[in-house]
Amino acid sequence: MHDLSAAEKRVVWTADDAEITRAAVSAADGERFDAPRGLYGYGEWSERAFGAKYIHTDGGQFVFSRSWRSGSGNPNRRCMRFTPEGACIVTVVYGAKPGRPLFIYQGDTLLAGGTDEPRDGFAPSLAANIEEPFRGDVIIRGGASDKDVFAIIVDYYDPAEIVYHRVSGRIKYNGGADMSGAEIVFRDMKDGGEYKAPFGGEYAVRLRRSRRYEVSVRNADGVCVTLDTRYIRLDMNDLCADIEICDIAPRIVEGDVVIHEIYRSTGGLDMDNIKLYFVSGDNKYRADIDGGRLKISLMPGKYRIYAEGIDGYSLSDLSTLYELEAGDTRPFKNILIKENIRKSE
């Protein structure tokens, strides 16, 4: 395991700790429980025999035989909480099905969320950086049923100590732009500082820990970093993170077109008669609609959307605007067409 300095320490709570599990499971729905080393929370939780492994960011290995399981929670129900003693990285080792997320909050502020399940015997994790502990308790809770929590790991650090870690990975680009002289720029989103690495098949750069960075390309025209790899969070250890670059070019945007009937269950709006347009400046583009799905090729930019052939109906407010951001490799836009409310006679 990582050797912690005098300014650092680690606190670990796991479902394999019988004392913690006994306290959590015995608490009724909404009843407070107190566990060792400052952990507390509110019932109801259940104990589940569920094995999983986890490798922490410093290489430390954990093996779990049990998890805590709960349904949807709030700050005073079905949650785990603690008061941070200082700046720290909170890691929650968990399992959650799609549509049933687990969250890390500090007070009312959402810091992280996820819906990943264990794979090949290894559990996923969520991490949040608590830079200002005075802003409130850390709260771990779910947004729906059936979530497993194997462990909560808290790594404290000295925020006044400036420490740099190595960030490295591959740079992926399959386009045809001239990349000679291009640079990959990492901008510190807290103080605006910039760190650079030359474009190539791989990169390596040293960045200040406990910061979030926006990644971009400089000295190259017509390209950008994809949204999926545009942001990097560096916590307590070296990080491997690939960067993907794409051409700024037209993208196929797809989505669902949904008709919301208020007064009619049958004989309403005919999808085949709808014409849907995306407008940017003087340019107008018509979307293809087939079987309730739209498809349209667009350049990155902001668009106004309107429809023809929907008499007695209108687009929802969220359906009238769309922004396709450069670097979005999986763009989508859903459209809701709702029947107009009739004035009472």
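Residues numbered from 1 in each chain as written. Predicted model: local features only at pLDDT ≥ 70, side-chain atom pairs only at ≥ 80, totals over all residues. Heavy atoms only, no water.

Caption draft 1: Summary view of the sheet that holds strand β15 (residues 194-198). The strand order β15-β14-β17-β19 describes an open sheet built from four strands, whose pairing is antiparallel. What marks the edges here is a single partner per strand, and that holds for β15 and β19 (231-234). Neighbour-to-neighbour, the strand axes of the sheet open up by a mean angle of 30°, direction not taken into account. When strand β14 (residues 183-188) meets strand β17 (residues 211-218), the two strands line up antiparallel, connected through six bridges. Along β17, the bridge assignment pairs Phe186 with Val215. (Pairing = 2+ DSSP bridges. Helix = DSSP H or I, 4+ residues; strand = E, 2+ residues; numbered from the N terminus. Axes fitted to C-alpha atoms, helices over the stretch in contact; angles between N-to-C directions.)

Caption draft 2: Up close: the environment of Ala127. By the element assignment, Ala127 lies in strand β10 (residues 125-130). Separated by 13 residues in sequence, Ala127 and Gly114 have C-alpha atoms that sit 10.0 Å apart. In contact with Ala127, other than residues within four places in its own chain, are Val90, Thr91, Ile104, Ala112 and Asp235. (Contact = heavy atoms within 4.5 Å.)

Caption draft 3: Representation of the nonpolar core within the structure. If you look at the biggest cluster of nonpolar residues, it comprises 31 residues, and the most contacted ones within it are Trp13, Trp68, Met80 and Ile152. Elements supplying a minimum of two residues to this core: β1 (9-14), α1 (18-26), β6 (79-82), β7 (88-96), β8 (102-106), β10, β11 (138-142) and β12 (147-156). With five residues, β7 is the largest single contributor of residues to this core. Look past the residues within four positions of Trp68 in its chain and what remains in contact with it is Trp13, Thr14, Ala15, Ile20, Thr21, Trp45, Ser46, Met80, Lys147, Asp148, Val149 and Ile152. Ranked by size, the runner-up nonpolar core spans 23 residues in total, among them Phe186, Tyr195, Val217 and Val223. (Core = buried A, V, L, I, M, F, W, Y, C linked by side-chain atoms within 4.5 Å. Buried < 20%, exposed > 50% of the residue type's maximum accessible area, 1.4 Å probe, protein only.)

Caption draft 4: Summary view of the sheet that holds β6. An order of β2-β3-β6-β11-β8-β9 is seen for the six strands of this open sheet, with the pairing classed as antiparallel. On the outer flanks of this sheet lie β2 (32-34) and β9 (109-114), each paired with one strand and no other. Between one strand and the next, the sheet's axes are offset by a mean angle of 20°, whatever the strand orientation. Inspection of the sheet shows β8 paired to β9 by five bridges, in the antiparallel sense. Bridging from a neighbouring strand, Leu102 pairs with Gly114 of β9.

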